[in-house]
Amino acid sequence: MVERRKPLAFDTTMRNPRRMANFVSILSNYENQILTSDLIIKIEANFIQQKIYIPTRRVLGTYIAKYKDYKAEDQSENAALKVSNYYQEWYDSDPLKQPITLNKVIYLLNNTITKHKEKGYDYGWESRFDTHISFCNELGFTYVVKNQPILISPTGKLLISQYKNGHPIDNYDSDPEHTAYLNAFAKYQTNNPWRKNTITVNFLYLFLSTVKYLDENFGSKGISRKELPFFIVWPDNDYVQLANYINEFRKVEGRNPSPEVVYDYAMNVLDENAPHKFGRATEAFKKRKSRDYKIEKITKETPDEVMRKLRQSQTVSLRGAGYYLDINHFEDDKVNHVIEKYGINHEFNNNLQQYFQYMGTVDAKLEFNSINISKEQQNKINNVRVQVVKDWAKEYSWDQLSIE
């Protein structure tokens, strides 16, 4: 894989990162089996059968006889009607009470096409499977490589310990899942064997360290959504320089800059030939790189993904009606542990197994256990939650709240 300068990017297939537990739970039923093409289709069918992934009728319910190198398994005259009927049966089914048979879903996959192509996987549903699993590999929950055994790491097993066949169990406890996510995001680095990048950032470490430095040195409480692009384009773990950059940016451009202003500054950070890191990018650089670094991607789409991942770690909270991200001080012990231990950027030399073993271990100091929370701490947490709900109720309409 060719190394090149790229901004931080998370897989957007699962906009809700909690869906990874659903996928890995089903995948675990096939642990240690060799990932052949036939098994991929079976697992993908299982995802769909349990409605962990819900394709549209245009994709899953539309018979395609031939497309490029693809040829439907069923070439009979009634194949299109059969696909339509099976799709409707699946659509009407309840996976928890009376799911459609797996063989019928496999039939649908063998006679429809989704226009995806991922490296190492065949065109269509095979590649769609890879998009569902790829970020689970990056976070060390799984080791899924075609024609190799499927492996689930200790953090992966912790992630799904409260799930069965893709769904939460009765009396679901969120603590193991939160522990798994914090372990994964604490170690996650942008340059890993699954996503080669010349930017060497330990994502959660950089964010927490920068926020803490800004607070201690400039009296700043949190990072605004509009400032997240600077974390996305930052090239290394130098949180002191990043904190000073953000503080200077606030002095020059204020607290409510336009997306265009933020984009100009972010693009200048990406320009390795710029004489100074701070400032606006040249028009020539923007014109040359605007297709690679789109304004919507840097100022909106990736920041939204970053927020979801940060919140999933439980070490970051929202305040200011959701406009600011700050350290969750109820978890200061875990925050300090991440800062002290996980600021080292490791070189894995493209060794997927070594990366899997590193990411998949469980750090006991990053464990959530609500049983051990004192009554006083629980009361404080509840008071904060009530206040946040009140603040958001004042700021947003019901429609906006439901979206958030």
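Definitions and limits used
- Residues numbered from 1 in each chain as written.
- Predicted model: local features only at pLDDT ≥ 70, side-chain atom pairs only at ≥ 80, totals over all residues.
- Heavy atoms only, no water.
- Helix = DSSP H or I, 4+ residues; strand = E, 2+ residues; numbered from the N terminus.
- Buried < 20%, exposed > 50% of the residue type's maximum accessible area, 1.4 Å probe, protein only.
- Contact = heavy atoms within 4.5 Å.
- Areas by Shrake-Rupley, 256 points an atom, 1.4 Å probe, with all protein chains shown as cover.
- Phe/Tyr/Trp six-rings, centres within 6.5 Å; stacked < 30°, edge-to-face > 60°.
- Lys NZ or Arg CZ within 6 Å of the ring centre and 35° of its normal.
- Core = buried A, V, L, I, M, F, W, Y, C linked by side-chain atoms within 4.5 Å.
- Pairing = 2+ DSSP bridges.
- Axes fitted to C-alpha atoms, helices over the stretch in contact; angles between N-to-C directions.
- Parallel < 35°, antiparallel > 145°, perpendicular 65-115°, else oblique.
- Left-handed = near helix turned anticlockwise from the far one by under 90°.
- Nonpolar A, V, L, I, M, F, W, Y, C, P; charged D, E, K, R; others polar.

Visitor: Any chance you could explain the overall build of the protein here in plain terms?
Guide: Per the secondary structure count, the protein includes 18 helices and 9 strands. A burial count over the protein gives 50% of its 404 residues as buried. In the protein, 69% of the contacts between residues at least 6 apart in sequence involve partners at least 24 apart. When the accessible surface of the protein is totalled, it reaches about 19,900 Å², and 48% of it is carbon and sulfur.

Visitor: What should I look at first to understand the packing of aromatic side chains in this one?
Guide: Two aromatic rings, taken as a pair, are described by how far apart their centres are and by the angle between their planes. Applying the stated rule across the entire model yields 25 aromatic pairs. Between Tyr213 and Phe218, the ring centres sit 6.3 Å apart and the planes meet at 65 degrees, which makes this aromatic pair edge-to-face. By relative accessible area, Phe218 is classed as partly exposed at 34%. Ring geometry for Tyr245 and Phe278: centres 5.1 Å apart, planes at 70 degrees, overall edge-to-face. With a gap of 33 residues between them, Tyr245 in helix 11 (residues 239-253) and Phe278 in the loop between helix 12 (259-270) and helix 13 (283-289) connect regions that are remote in the sequence. Its relative accessible area of 29% is what places Phe278 among the partly exposed residues. Put simply, the rings of Phe230, Trp234, Tyr245, Phe249, Tyr265 and Phe278 touch in pairs and so form one group of aromatic residues. The ring centre of Tyr107 lies 4.6 Å from the NZ or CZ of Lys82, which sits over that ring. In this arrangement the basic side chain of Arg319 is found over the ring face of Tyr324, its NZ or CZ atom lying 5.0 Å from the centre.

Visitor: I'm lost on the environment of Phe218 in this one. Help?
Guide: Along the polypeptide, Phe218 turns up in helix 9 (residues 203-218). C-alpha separation for the pair Phe218 and Asn244, spaced 26 residues apart in sequence, amounts to 9.2 Å. In contact with Phe218, not counting residues within four places along its chain, are Tyr213, Ala243, Asn244 and Asn247.

Visitor: Would you explain the nonpolar core in this entry?
Guide: Residues Phe129 and Phe207 are the most contacted members of the largest nonpolar core, which totals 106 residues. Leaving out residues up to four positions away in the same chain, Phe129 has contacts with Leu27, Leu35, Ile40, Ile43, Glu44, Phe47, Tyr121 and Val144.

Visitor: I would appreciate a short explanation of the sheet that holds strand 7 (residues 223-224) in the present structure.
Guide: One open sheet accounts for 3 strands, arranged 7-9-8; its pairing is antiparallel. Both edges of this open sheet fall to strand 7 and strand 8 (316-319), since each of them pairs with a single strand only. As defined by bridge partners, strand 8 adjoins strand 9 (residues 324-327) across 4 bridges and the pair is classed as antiparallel. Residue pairing across strands places Ser317 opposite Asp326, the latter belonging to strand 9. Seen against the sheet, helix 9 touches strand 7, strand 8 and strand 9 and runs at an angle of roughly 90 degrees to strand 9.

Visitor: Any chance you could explain the side chain of Ser313 here in plain terms?
Guide: Secondary-structure assignment places Ser313 in the loop between helix 14 (295-312) and strand 8. Those residues within four positions of Ser313 in sequence are excluded, and the remaining contacts are Leu182, Phe185, Leu204 and Phe368.

Visitor: What is the right way to read the pairing of strand 8 from this model?
Guide: Moving residue by residue along a regular strand, the side chains alternate between the two faces of the sheet. Because side chains alternate across strand 8, one face comprises the buried residues Val316 and Leu318, and the other comprises Ser317 and Arg319, none of which is buried. Taken together, strand 8 and the strand that follows it, strand 9, pair antiparallel across an intervening segment of 4 residues, in which Gly320 is found at a positive phi of about 60 degrees.

Visitor: What exactly am I supposed to notice about the packing of helix 4 (residues 79-92) against helix 5 (residues 102-110) here?
Guide: A pair of packed helices is captured by two measures, namely the crossing angle of their axes and the spacing between those axes. Look at helix 4 against helix 5: their axes get within 10 Å of each other, and the N-to-C directions meet at 130 degrees. Looking at the two axes, helix 4 sits oblique to helix 5. The chirality of how helix 4 crosses helix 5 is left-handed. From helix 4, Ala79, Lys82, Val83, Tyr86, Tyr87 and Glu89 reach across to helix 5, where they touch Lys104, Tyr107 and Leu108. In terms of residue class, the contact of helix 4 with helix 5 is built from 6 nonpolar, no polar and 3 charged.

Visitor: Sorry if this is basic, but what is going on with unusual backbone geometry here?
Guide: If a residue is not glycine, its phi is most likely negative; likewise, a peptide bond is most likely trans. In the Ramachandran plot, Gln314 falls in the positive-phi region, its phi being about 70 degrees despite a non-glycine side chain. Relative to the elements of secondary structure, Gln314 occurs in the loop between helix 14 and strand 8. Non-glycine residue Asn350 carries a positive phi angle of around 60 degrees. With respect to the helices, strands and loops of the structure, Asn350 is situated in the loop between helix 15 (332-341) and helix 16 (352-360).

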